[in-house]
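Here is how the chains run, residue by residue.
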Amino acid sequence: MINEGVMELVGGFMVMVSIVGFFLTVLWFVLPFVIFAMKGKLDRSHIILEDIEKRLTAIEARLDMVVPLASAASNSEVSTEIPPSQAPPSSGGE
């Protein structure tokens, strides 16, 4: 005959399998709706990013009209030194 302890162990295991199966079933039914909701948000994000890219392109075009980068770079060299009038103040600990 089968020991009662073994039957209790198998019964507990079956309860755990039933609970996991229930959660997987719920997940199986809910997941398509989550995916469709994410798809809509992703499509909206893509449209917004395209709009931002168009705006940045327009800003770059306006800046190129105001200051042509090629002629500005070839006509003068850019100095990286800070003039003494704009230098940050020295620290008080020295």
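Refer to the structure printed above.
On a predicted model such as this, the values are computed, not experimentally measured, just so you know.

Draft legend 1. Here's a closer look at the overall build of the protein chain. What the protein chain contains, in helices and strands, is two helices and zero strands. Total accessible area on the protein chain is roughly 9400 Å²; 70% of this is exposed by carbon and sulfur atoms.

Draft legend 2. Quick peek at the pattern of salt bridges. Using the criterion set out here, one finds two salt bridges in the structure. Between K39 and D43 there is a salt bridge whose closest N-O contact spans 3.2 Å. Residue K39 and its partner D43 are located together in helix α1 (residues 4-66), separated by four residues, close to a single helical turn. On the basis of relative accessible area, D43 is assigned to the partly exposed category, the value being 39%. Here R55 makes a salt bridge to D51, at a shortest N to O gap of 3.4 Å. Of this pair, R55 and D51 are both found in helix α1, four residues apart, which corresponds to roughly one turn of the helix. The exposed category is assigned to R55, whose relative accessible area is 55%.

Conventions adopted
Residues numbered from 1 in each chain as written. Predicted model: local features only at pLDDT ≥ 70, side-chain atom pairs only at ≥ 80, totals over all residues. Heavy atoms only, no water. Helix = DSSP H or I, 4+ residues; strand = E, 2+ residues; numbered from the N terminus. Areas by Shrake-Rupley, 256 points an atom, 1.4 Å probe, with all protein chains shown as cover. Salt bridge = Lys/Arg side-chain N within 4 Å of Asp/Glu carboxyl O. Buried < 20%, exposed > 50% of the residue type's maximum accessible area, 1.4 Å probe, protein only.

Honestly, it's all geometry; don't read function into it.
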